[in-house]
Amino acid sequence: LRCSCVARCACTMAGTLFEEQFEIKETSKKFDKVTRLHCRLVDEAYELQLDLDINSDLFPLEVGQRFAFLLVSTLAIDGAVDSGKWDQSSQPSLLDQYEYAMYGKIYKWKQDNTKAPSEIFVSFGGLLMRLKGDARHLQKLKLDARIYMLMRKISKDS
């Protein structure tokens, strides 16, 4: 995976499950404040699709915009396992490096046969995500795992 981090890099940490950069190809409005993003990899080195519901009031994105996308099991910069409860200590965390975050559960992992792409489904309190691609790139994502999804906008030059 590519590293686009300037500060301490999340992609080398133990808690990192998946990291990529995506470009929004299409959007659809699901509810008043919810937009579904249909995305493809910025660097199309392999086939991967991301469909993701976001709160568009908090984090507005449009077709053509790019973003860094990270799935982690912990927000601790050192990758230490967290308790699953909000840490109010104001200690530095991965949240400091991203603009938008959600916490959810992988509720479905689907692959019709060994040559078919894998599909990972996550619910973030009702906002849904589907990641579809080669199982090799999604192997750290396990059914029933609780994960954090982090995003930040990036320029087309990144």
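Observations concerning the overall build of the chain
In step 1: Counting its secondary structure elements, the chain contains one helix and eight strands.
In step 2: The N-to-C order of helical and strand elements in the chain reads β-β-β-β-β-β-β-α-β.
In step 3: A globule of 158 residues ought to have a C-alpha radius of gyration of about 15 Å, and the chain, at 15 Å, matches this closely.
In step 4: Across its three principal directions, the C-alpha atoms of the chain cover 40 × 35 × 30 Å.
In step 5: A sequence separation of at least 24 residues applies to 59% of the contacts in the chain between residues at least 6 apart.
In step 6: For the chain, the exposed surface amounts to about 8,800 Å²; the carbon and sulfur share of it is 48%.
In step 7: Here the chain contributes 23 positive and 22 negative side-chain charges, whose respective centroids are spaced 4 Å apart.

Overview of the confidence of the model for the chain
In step 1: With 91% of its residues at a pLDDT of at least 70, the chain reaches an overall mean of 87.
In step 2: Confidence drops under pLDDT 50 across residues 1-12; counting only partners more than four residues distant or on other chains, this segment forms 24 contacts.

Observations regarding the packing of aromatic side chains
In step 1: Overall, the coordinates contain seven aromatic pairs when judged by the stated rule.
In step 2: On the basis of an interplanar angle of 65 degrees and a centroid distance of 6.4 Å, the ring pair of Phe 67 and Phe 69 is categorised as edge-to-face. Both residues of the pair, Phe 67 and Phe 69, belong to the buried class.
In step 3: Seen in terms of ring centroids, Tyr 103 and Tyr 148 are 4.7 Å apart; in terms of plane orientation they differ by 45 degrees. Their pairing is tilted. Pair noted here: Tyr 103 is in strand S5 (residues 100-110) and Tyr 148 is in strand S8 (residues 146-154), with a separation of 45 residues, a long-range link.

Some points on the sheet that holds strand S7 (residues 127-133)
Sheet strands line up and pair through hydrogen bonds in the backbone, either parallel or antiparallel.
In step 1: The sheet built from eight strands closes into a barrel, its strands ordered S1-S2-S3-S7-S6-S5-S8-S4 with antiparallel pairing. Taking the axes of each pair of neighbouring strands and ignoring which way they run, one obtains an average angle of 35 degrees across the sheet.
In step 2: Relative to S7, strand S6 (residues 118-124) runs antiparallel, the two sharing seven bridges. Each residue of the ladder has a partner; that of Phe 121, found in S7, is Arg 130.

Re unusual backbone geometry
In step 1: With a phi close to 75 degrees, Asp 144 is a non-glycine residue in the positive phi region.
In step 2: When you line up the elements, Asp 144 lands in the loop between helix H1 (135-138) and S8.
In step 3: Classification of Asp 144 as partly exposed rests on a relative accessible area of 47%.

Each value, and the rule that gives it
- Per-chain numbering applies: the sequence of each chain, read as written, is numbered from 1 onward.
- Reporting of local features is limited, given that this is a predicted model, to residues whose pLDDT is at least 70; pairs of side-chain atoms are given and counted only at 80 or more, and all residues count toward the totals for whole chains, interfaces and linings.
- Only heavy atoms go into the side-chain values, all of them from the structure, while hydrogens and water stay out.
- In DSSP terms, a helix is any run of H or I states spanning at least four residues, a strand is any run of E spanning at least two, and both are numbered starting from the N terminus.
- Throughout, radius of gyration means the C-alpha value; the globule benchmark is 2.2 Å times the number of residues raised to the power 0.38.
- The criterion used for residue contact is that any of the two residues' heavy atoms lie within 4.5 Å.
- All accessibility values rest on the Shrake-Rupley procedure with a 1.4 Å probe; residue burial counts only the protein chains present in the view.
- Counting rule for charge: Lys and Arg are taken as positive, Asp and Glu as negative, and neither His nor the chain ends is counted.
- Throughout, a charge is located at the NZ atom of Lys, the CZ atom of Arg, the CG atom of Asp or the CD atom of Glu.
- Along the chain, pLDDT gives the predictor's confidence residue by residue, from 0 to 100.
- Aromatic rings from Phe, Tyr and Trp, with only the six-membered ring used for Trp, were paired whenever their centres fell within 6.5 Å, and each pair was classed as stacked if the ring planes differed by under 30 degrees, edge-to-face if by over 60, and tilted otherwise.
- Exposed residues in this analysis have more than 50% of their type's maximum accessible area, buried residues have under 20%, and partly exposed residues fall in between, with area computed by a 1.4 Å probe over protein chains only.
- Any two strands with at least two DSSP bridges between them are considered paired.
- Lines fitted to C-alpha atoms define the axes here, with helix axes fitted over just the stretch in contact, and angles between the N-to-C directions of these axes take values from 0 to 180 degrees.

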